[in-house]
Every structure is written in C-alpha cells, then in structure tokens.
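Fold and contact review
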Amino acid sequence: MLLAVLMAAALTLSACGKKTPVGEAMQNAWAASMEMKSYTFDGSFVIDELQLPSGDRGMALSYFDSLRDLSVSVRGAYVRDPLRMEMILKLKIPGDLAFTIEVPIILTADKMYARIPDIPLLPLGDAAGRFVEFDLAELAESTGEWLLPIDVETQRKLSVDMLNILMRHLDEEDYFRELKKDEVPGLPADLKADRYVRFGITQDNFESFIQALVDHIAPELIDLLLENEAYRSALMLTEDELRQAKDELAANDPDSLRNRLEELKDSLTIHELGITGAIQGDYMVYQAFKGKIEAAENGETTVVGFTFNIRYDNINRDVTFEHDIPSDAMSMEEFGQSLFSGFAF
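Reference entry: report on the structure contained in this document. (Residues numbered from 1 in each chain as written. Predicted model: local features only at pLDDT ≥ 70, side-chain atom pairs only at ≥ 80, totals over all residues. Heavy atoms only, no water.)

A volume near 760 Å³ is recorded for the largest pocket. In this structure, the largest pocket is lined by 25 residues; those nearest its centre are Met 34, Tyr 39, Tyr 78, Met 85 and Tyr 312. Those elements that place two or more of their residues in the lining of the largest pocket are α2 (22-33), β1 (38-51), β2 (71-79), β3 (84-93), α5 (152-168), β10 (283-297) and β11 (300-313). Broken down by element, the lining of the largest pocket gets its largest block of residues, 4 residues, from α5. (1 Å grid on protein atoms, 1.4 Å probe; cavity = no way out; pocket = protein on both sides within 12 Å on 5 of 7 lines; lining within 4 Å. Points joined across faces, edges and corners; volume = space filled by probe spheres on them. Helix = DSSP H or I, 4+ residues; strand = E, 2+ residues; numbered from the N terminus.)

Before going further, it helps to spend a moment on the packing of aromatic side chains. Each aromatic ring pair is described using two quantities: the centre-to-centre distance and the angle formed by the ring planes. Scanning the entire structure with this criterion turns up 8 aromatic pairs. Consider the rings of Phe 176 and Phe 199, whose centres lie 5.3 Å apart with planes at 40°: the pair is tilted. Of the two residues, Phe 176 is situated in strand β7 (residues 176-179) and Phe 199 in strand β8 (residues 195-201); the sequence distance between them amounts to 23 residues. The class of Phe 176 is buried, set by a relative accessible area of 8%. According to the relative accessible area criterion, Phe 199 is buried, its value standing at 10%. Members of the aromatic cluster, each reached through a chain of ring pairs, are Tyr 39, Phe 41, Tyr 78 and Tyr 312. (Phe/Tyr/Trp six-rings, centres within 6.5 Å; stacked < 30°, edge-to-face > 60°. Buried < 20%, exposed > 50% of the residue type's maximum accessible area, 1.4 Å probe, protein only.)

Here we come to the sheet that holds β11. In spatial order, the strands read β6-β5-β4-β3-β2-β1-β11-β10-β9-β8-β7; together these 11 strands make up an open sheet with antiparallel pairing. Of all the strands in the sheet, just β6 (131-135) and β7 have a single pairing partner and so form its edges. Averaged over all pairs of adjacent strands, the angle between their axes in this sheet comes to 15°, without regard to strand direction. Bridge analysis of β7 against β8 gives 4 bridges, and the strand direction is antiparallel. In the sheet register, Glu 178 faces β8, and the bridge partner there is Val 197. Contacting β7, β8, β9 (268-280) and β10, α2 crosses the sheet at an angle of about 115° to β10. Helix α10 (residues 254-267) rests against β9 and β10 of the sheet, and its axis sits at about 85° to β9. (Pairing = 2+ DSSP bridges. Axes fitted to C-alpha atoms, helices over the stretch in contact; angles between N-to-C directions. Contact = heavy atoms within 4.5 Å.)

The next subject is the pattern of salt bridges. A complete count under the given rule lists 18 salt bridges for this structure. When the shortest N-O distance is used, the salt bridge between Glu 102 and Arg 75 registers 3.4 Å. Of this pair, Glu 102 sits in strand β4 (residues 99-108) while Arg 75 sits in strand β2, and the two are 27 residues apart along the sequence. By relative accessible area, Glu 102 is classed as partly exposed at 28%. The closest approach of N and O atoms between Arg 311 and Asp 190, which form a salt bridge, is 3.0 Å. Residue Arg 311 is found in strand β11, and its partner Asp 190 is found in the loop between β7 and β8; the two are separated by 121 residues along the sequence. Overall, the relative accessible area of 56% leaves Asp 190 in the exposed class. Several salt bridges converge on common partners, so that one network encompasses Lys 19, Glu 178 and Arg 195. (Salt bridge = Lys/Arg side-chain N within 4 Å of Asp/Glu carboxyl O.)

In structure tokens, the structure reads:
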C-alpha cells in the first residue's frame, strides 16, 4: 500500500514538472492574450540595417534611405468592452530639419479620432493640433469597404483559428526553441516572465516553411474563410476571390513549385525572421519581431533589417487613457476645408 502511494506521488510530481512544448506554449499564450479584457502597451520600431543597391534600382528605392534613422514608438491602452483603444504614435524624423511629431489615435467600435500634428512648414490651417472624427461606416461606404467598422469578437476568433492552422503544420524542432532571458532582444530590465520562447524562419527552414504553406496552411486557411462569411468580411475578401486562389494553388505541380523555390532561394536570403516572446502566467507579456532579409537581383543587393518590440502591462486591470474621447472633433468635411484653406495662396 505504501509503495503504491509513493509511486502515485512520484508520477504526479513528474507530470507537474513536465514543461509544455515551446510551440504549444506560444500558441496557448497568444490565444490567451486575445482574451485579455484590458491592458496597456508600449512599443517601438527601428530600422537596424538598410543597404540599397547602387544602380538604377537603387535610385528607384532611394526614398527609403530617409527611413534609415527613423524612430517610431507607440504607447497606449485597450479596453475590450465597450471597445476603446488609444494609440499614441511618436515619430522622430532625422536630418537637417529634424523634428518629432506625436499623433494620438482613438478607436471605438464605430469611430476613429486622430489628432492632426502641427508639422513645421506644412500649412494645416485650423486642423493643426485638433482631433478629426472619422465615421468607420461612412468610410467603408465611400471607399468600397476597405475600412470596416471593428468587430473585435470576429477578429479575435479569426486570429485564433488562423493561428491553430499555422501551428498545426510547423514542426516543433525546426521552428521553435526555448531561450534564456539574456537572449531576448530588447527585453526591458524590469519585465519578469516565466518562460522565454522563439519562433523563427531562417534560410535553413525557409524551403520547408514555403512547402507547408502551399501544401497545407494556405488551402486550410482558404477553406476556413470560405466556410465563414464573417471572417471573409473582416478580411474584405469575396468568395470568388478565395475560390480562384484555391484553384491556382491546386494547379501547382510539385516540380514547378520546387523550381520556383530554388529560384527564390538563389535571390532571397532569410538571415532572420522571427518572433521572440516572454510568457508570464497565461499571457504573452512581451514580443519582439526581428528580421533581416537580403535580396539579390541583376548583381545588385538590397538588405533590410528591422526590429519591432512591444510589452503589455496592467492586464485585465483598470487602465487610464491619456485623452478623453473628444467632443469638439472636426468632421471629415471640416478637415478637408481646413486643408484647402491652409494650402490656398
């Protein structure tokens, strides 16, 4: 009897001490994070590396060179019900005429408010420094439904279903790994987490990723959208467009796809493309998206490296918004008139 009790206890301790595989842990944390009722966030985006070709193609891309030292940060807060999100974008523009602009954006279920920044040398009339109100339903009607009112519940369910399809076809050993704290890029010193995990695509697994995408992930995603009208509406896709895409995928023969992959590998090098996350409890509390891609064409090379990181705090707690929903916002018509008067000579 005593031996049976000891064996049962040992088995229980063994099960409790077993870690969830990295891929499953990331999937669970992402899914749980989509259920968060409120949070604050703080993130940034930087261009780590930018190498442009020197020939004609380089001249065509030369305007990207101005982004080399561009700094973008975002902070804000989110409440799920009733929907309200505040994002404050801060852009630091480098150069001889360096300046910084800050653009608060407020989103509700049917409205968007954006405060027009006061930009040096740009005549914005009475709009500078004021919020402009955008009716999302009116925008959808006037722009052919490229911008639809926000259905948070549908987008949440769609994200979870798409993530499940993606993760189902990616091998744990090839794409996921556990990290130590000091291996996480840009991790804030004060952030505490239980696990540090990574999903990554490199030149070594790029071919298998594309193969999985074409053979399994893309067809299943298309089927998911064909079966759900709400999902199609959320992505602004029609049933005919999806059926055409499915037919084109089915028409791909293996040899043709293999040849295109070889050509792609010759011209495109994925040095790094991945997501590193910090999991605390059930939630992903920090994410860093990091990439470095090299493309070669006609003997010329383009290299782009970037990092976007974001942290989440005050999860499921009361959050504070920096701006109230404006009661004196300009309408889109008033904004247009202000722009016209500002540029009039």
